[in-house]
Amino acid sequence: MIATNGFMEPAETIITALGGPSAVARAAGVHRTRVSMWKAPRERGGTNGLIPYRHVPRLLEFAKERGVELEPGDFIPPADDAA
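Residues numbered from 1 in each chain as written. Predicted model: local features only at pLDDT ≥ 70, side-chain atom pairs only at ≥ 80, totals over all residues. Heavy atoms only, no water.

Colleague: Run through the overall build of the protein chain, naming residues and quoting values.
Modeller: A count of helical and extended segments in the protein chain gives four helices and zero strands. Traced from its N-terminal end to its C-terminal end, the protein chain shows the element sequence α-α-α-α. Out of the 83 residues in the protein chain, the part that is buried amounts to 41%. Sequence-distant contacts in the protein chain: of pairs separated by 6 or more residues, those separated by 24 or more amount to 50%. Carbon and sulfur atoms make up 53% of the accessible area of the protein chain, which amounts to about 5,100 Å² in all. (Helix = DSSP H or I, 4+ residues; strand = E, 2+ residues; numbered from the N terminus. Buried < 20%, exposed > 50% of the residue type's maximum accessible area, 1.4 Å probe, protein only. Contact = heavy atoms within 4.5 Å. Areas by Shrake-Rupley, 256 points an atom, 1.4 Å probe, with all protein chains shown as cover.)

Laid out in C-alpha coordinates, this is it:
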(Lines give C-alpha, C1' and ligand atoms only; values in the text may rest on other atoms or scores of the structure.)
Protein backbone atom coordinates (compact mmCIF):
# COMPACT_ATOMS: atom_id res chain seq x y z
CA MET A 1 0.00 0.00 0.00
CA ILE A 2 1.29 3.47 -0.85
CA ALA A 3 1.06 6.54 1.37
CA THR A 4 -0.97 9.47 0.09
CA ASN A 5 -0.25 13.17 0.43
CA GLY A 6 -3.87 14.38 0.74
CA PHE A 7 -3.95 16.47 -2.47
CA MET A 8 -6.33 15.22 -5.19
CA GLU A 9 -5.92 11.72 -3.93
CA PRO A 10 -5.49 8.96 -4.71
CA ALA A 11 -4.61 9.97 -8.28
CA GLU A 12 -1.73 12.30 -7.36
CA THR A 13 0.19 9.67 -5.42
CA ILE A 14 -0.53 6.78 -7.80
CA ILE A 15 0.45 8.74 -10.91
CA THR A 16 3.69 9.91 -9.26
CA ALA A 17 4.53 6.38 -8.05
CA LEU A 18 4.02 4.98 -11.56
CA GLY A 19 6.34 7.46 -13.26
CA GLY A 20 4.14 10.48 -14.03
CA PRO A 21 1.30 11.32 -16.40
CA SER A 22 3.07 10.26 -19.61
CA ALA A 23 3.98 6.80 -18.30
CA VAL A 24 0.50 6.26 -16.87
CA ALA A 25 -1.12 7.46 -20.09
CA ARG A 26 0.87 4.96 -22.14
CA ALA A 27 -0.05 2.15 -19.73
CA ALA A 28 -3.75 3.10 -19.66
CA GLY A 29 -3.98 3.78 -23.39
CA VAL A 30 -5.20 7.36 -22.99
CA HIS A 31 -3.80 10.81 -23.75
CA ARG A 32 -1.52 12.39 -21.14
CA THR A 33 -3.93 15.27 -20.60
CA ARG A 34 -6.66 12.80 -19.62
CA VAL A 35 -4.39 11.43 -16.88
CA SER A 36 -3.60 14.96 -15.72
CA MET A 37 -7.32 15.62 -15.39
CA TRP A 38 -7.57 12.79 -12.89
CA LYS A 39 -5.65 15.12 -10.56
CA ALA A 40 -7.83 18.16 -11.30
CA PRO A 41 -10.91 19.35 -9.39
CA ARG A 42 -14.35 18.74 -10.87
CA GLU A 43 -14.77 22.49 -11.36
CA ARG A 44 -12.00 22.29 -13.99
CA GLY A 45 -13.39 19.17 -15.66
CA GLY A 46 -11.30 16.75 -13.61
CA THR A 47 -12.21 13.73 -11.52
CA ASN A 48 -11.29 15.18 -8.10
CA GLY A 49 -8.43 12.73 -7.66
CA LEU A 50 -10.32 9.62 -8.71
CA ILE A 51 -8.90 7.26 -11.31
CA PRO A 52 -11.66 5.81 -13.51
CA TYR A 53 -12.35 2.21 -12.52
CA ARG A 54 -11.88 0.88 -16.05
CA HIS A 55 -8.15 1.72 -15.80
CA VAL A 56 -7.49 0.11 -12.41
CA PRO A 57 -6.71 -3.45 -13.60
CA ARG A 58 -4.17 -2.24 -16.17
CA LEU A 59 -2.54 0.16 -13.71
CA LEU A 60 -2.22 -2.61 -11.13
CA GLU A 61 -0.52 -4.75 -13.78
CA PHE A 62 1.72 -1.82 -14.80
CA ALA A 63 2.70 -1.26 -11.16
CA LYS A 64 3.65 -4.91 -10.79
CA GLU A 65 5.77 -4.73 -13.97
CA ARG A 66 7.59 -1.68 -12.54
CA GLY A 67 8.04 -3.17 -9.07
CA VAL A 68 5.72 -0.61 -7.45
CA GLU A 69 3.68 -1.86 -4.50
CA LEU A 70 0.13 -0.94 -5.39
CA GLU A 71 -3.08 -2.58 -4.19
CA PRO A 72 -6.71 -2.24 -5.28
CA GLY A 73 -7.46 -0.41 -2.04
CA ASP A 74 -5.00 2.32 -3.01
CA PHE A 75 -7.52 3.52 -5.61
CA ILE A 76 -10.10 4.33 -2.92
CA PRO A 77 -10.04 7.99 -1.91
CA PRO A 78 -8.94 8.78 1.66
CA ALA A 79 -11.67 9.15 4.26
CA ASP A 80 -12.78 12.66 5.06
CA ASP A 81 -11.54 13.52 8.55
CA ALA A 82 -14.27 16.13 9.02
CA ALA A 83 -16.48 13.78 11.05
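Colleague: Tell me what's going on with helix α4 (residues 56–66), and back it up with residues and numbers.
Modeller: Every buried residue of α4 is listed here: Val-56, Leu-59, Phe-62 and Ala-63. An end-on view of α4 places all buried positions within 120 degrees of arc, on one side of the element. Exposed and facing more than 90 degrees away from the buried side of α4 are Pro-57, Lys-64 and Glu-65. The inward-facing, buried residues of α4 contact α2 (21–28). (Arc of directions from axis to C-beta.)

Colleague: Residue-level account of the side chain of His-55, with values.
Modeller: Take His-55: it is sitting in the loop between α3 (32–37) and α4. Sequence-distant contacts of His-55, that is, excluding residues within four places in its chain, are made with Ala-28, Val-30 and Trp-38.

Colleague: Describe the packing of α2 against α4, with residues and values.
Modeller: Following both chains from N to C, one finds α2 and α4 inclined at 120 degrees, their axes separated by 9 Å at the closest point. When the axes of α2 and α4 are compared, the pair comes out oblique. As α2 runs across α4, the sense of the crossing is right-handed. Contacts between α2 and α4 involve Ala-23, Val-24, Ala-27 and Ala-28 on the former and, on the latter, Arg-58, Leu-59, Phe-62 and Arg-66. (Axes fitted to C-alpha atoms, helices over the stretch in contact; angles between N-to-C directions. Parallel < 35°, antiparallel > 145°, perpendicular 65-115°, else oblique. Left-handed = near helix turned anticlockwise from the far one by under 90°.)

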